[in-house]
Amino acid sequence: MYELRNVTKRYARGKDTVHALDGVDLTIGDGDRLVIQGPTGGGKSTLLQMLGALDRPTSGEVVLDGIDLAKLNEARLTRVRSENIGFVFQSFNLIPTLTAQENVETALVPLGIKTKERRELAAEALHSVGLGERLAHLPGEMSGGQQQRVAIARALVKKPKVLLADEPTGNLDEGMRDEIMDVLERLWKEHGLTFIMVTHDSSIAKKAPRLATIRKGKITVKENAGA
Ligand SMILES: Nc1ncnc2c1ncn2[C@@H]1O[C@H](COP(=O)(O)OP(=O)(O)OP(=O)(O)O)[C@@H](O)[C@H]1O
Ligand SMILES: [Mg+2]
């Protein structure tokens, strides 16, 4: 699925250069689940942006199914992203003036899917995260856990190959956190997704079969046979 070779990402900050990623090598197989942890500013979100075709590395290769994302132009990156990759963020990122159903439908617009089918697929995705009764609710009328479920439905409605989650439980209390983790785990299995998740939560990290730690732009990966 993914093959990263010597990936670096540098940002200019004033006169200084920040080495957000510094020689990252990483292989992620089809259907794998990888958890990423590490101190703040270590480069976790930057790595997800590379994996998610949101941005290109300064140097190195980010190969997804044989295509080096580092070499694609903006238009082709957008296409790879909208067809293959679902994102879930800490802050849900829903559009406040759209209903749950309309928020989920937005993921299908770039794929040229017709209105009627968009509606059906969005309703189905919301049912699969347990929100079949809330199609017409606005984000402001839902709890944090429910809003994150809408965001998960939006990420998965297009049936992507990859699900990337950046601290998806960071804004939730413990009860909701477990609920969202259960939903993500179930959908990972059901959809045969490759699932990559950043978390600060050590209880989630402890259970991860494969755990990457990123510090100062450098990555180490540990297999956890017991998990
Ligand atoms: N667009 C940007 N411009 C300049 N510097 C950036 C930019 N994005 C990230 N950085 C810097 O790159 C480094 C890595 O940032 P990144 O957001 O990847 O860290 P993180 O591990 O996700 O941290 P957190 O746990 O706080 O979310 C940081 O020093 C950050 O300040
Ligand atoms: Mg981050």
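The protein chain goes by Peptide ABC transporter ATP-binding protein in an unreviewed UniProt entry, where it is assigned to Streptomyces yokosukanensis.

A few words on the environment of Gly 192. Locating Gly 192 in the fold gives a position in the loop between helix 6 (174-191) and strand 8 (194-198). Residues Gly 192 and Asp 55 lie 137 residues apart in sequence; the distance between their C-alpha atoms is 25 Å. Residues within four places of Gly 192 in sequence aside, it is in contact with Gly 31 and Leu 187.

What follows covers the packing of aromatic side chains. Counted under the stated rule, the structure contains one aromatic pair. Seen in terms of ring centroids, Phe 87 and Phe 89 are 5.6 Å apart; in terms of plane orientation they differ by 5°. Their pairing is stacked. Residue classification places Phe 89 among the partly exposed residues on the basis of a relative accessible area of 27%. Directly above the aromatic system of Trp 188 lies the positively charged group of Arg 33, at a separation of 5.1 Å from the ring centroid.

The sheet built from four strands is open, its strands ordered 2-1-4-5 with antiparallel pairing. Every interior strand has two partners, whereas the edge strands, strand 2 (16-28) and strand 5 (67-68), have only one. In this sheet, strand 4 (residues 59-64) lies alongside strand 1 (residues 2-13) in antiparallel orientation, the contact comprising five bridges. Note that in strand 4 the partner of Tyr 2 across the bridge is Leu 64.

Positionally, Ile 28 belongs in strand 2. Since its relative accessible area comes to 1%, Ile 28 is described here as buried. Sequence-wise, Ile 28 and Val 104 are 76 residues apart; in three dimensions their C-alpha atoms are separated by 27 Å. Excluding its chain neighbours within four sequence positions, the residues that come into contact with Ile 28 are Met 1, Tyr 2, Leu 34, Leu 51, Thr 194, Ile 196 and Arg 210.

In this section: helix 2 (residues 74-84). The complete set of buried residues in helix 2 reads Leu 77, Val 80, Arg 81, Ser 82 and Asn 84. Considering only its buried residues, helix 2 is in contact with strand 4, strand 6 (85-89) and strand 7 (162-166).

The next thing to look at is the site of ligand 1. Surrounding ligand 1, one finds 14 residues, the nearest of these being Thr 40, Gly 41, Lys 44, Ser 45 and Thr 46. His 200 has a polar side-chain atom sitting 3.1 Å from an oxygen atom of ligand 1. Its free accessible area being 640 Å², ligand 1 has 66% of it covered by the protein chains. Listed by contribution, the elements that provide at least two residues to the shell around ligand 1 are strand 1, strand 2 and helix 1 (44-51). No other element matches the three residues that helix 1 contributes to the shell around ligand 1. Among the residues making up the shell around ligand 1, the classes are represented as four nonpolar, seven polar and three charged.

The rules behind these values
- Throughout this description, residue numbers start from 1 for each chain and increase along the sequence as written.
- Chains carry letters from A onward and ligands carry numbers from 1 onward, assigned in written order.
- Residues qualify for local features only when their pLDDT is at least 70, as the model is predicted, and side-chain atom pairs are given and counted only at 80 or more; totals for whole chains, interfaces and linings, by contrast, use all residues.
- Excluded from the side-chain calculation are hydrogens and water; included are all heavy atoms of the structure.
- Counting from the N terminus, the helices are the DSSP runs of H or I reaching at least four residues and the strands are the DSSP runs of E reaching at least two.
- Any pair of residues with heavy atoms lying within 4.5 Å of one another is described as a contacting pair.
- Only the six-membered ring of Trp is used, alongside the rings of Phe and Tyr, when aromatic pairs are assigned; centres must lie within 6.5 Å, and planes under 30 degrees apart are stacked while those over 60 apart are edge-to-face, with the rest tilted.
- The rule is simple: take the accessible area with a 1.4 Å probe, protein chains only, and divide by the maximum for that residue type; under 20% is buried, over 50% is exposed, in between is partly exposed.
- Counting as a charge over the ring demands two things of the Lys NZ or Arg CZ atom: a distance within 6 Å of the ring centre and an angle within 35 degrees of the ring normal.
- Strand pairing requires that DSSP identify at least two bridges connecting the strands.
- The near set for a molecule or strand comprises every residue that places at least one heavy atom within 4 Å of it.
- Throughout this description, a polar contact denotes any pair of N or O atoms lying within 3.5 Å of each other; where both atoms belong to protein, one of them has to be capable of donating a hydrogen while the other can accept it, and for residues adjacent in sequence the pair is counted only when both atoms sit in side chains.
- Only the protein chains shown count as cover for residues, with accessible areas throughout obtained via the Shrake-Rupley method and a probe of 1.4 Å.
- Each residue gets one of three labels, nonpolar for Ala, Val, Leu, Ile, Met, Phe, Trp, Tyr, Cys and Pro, charged for Asp, Glu, Lys and Arg, and polar for the others, Gly among them.

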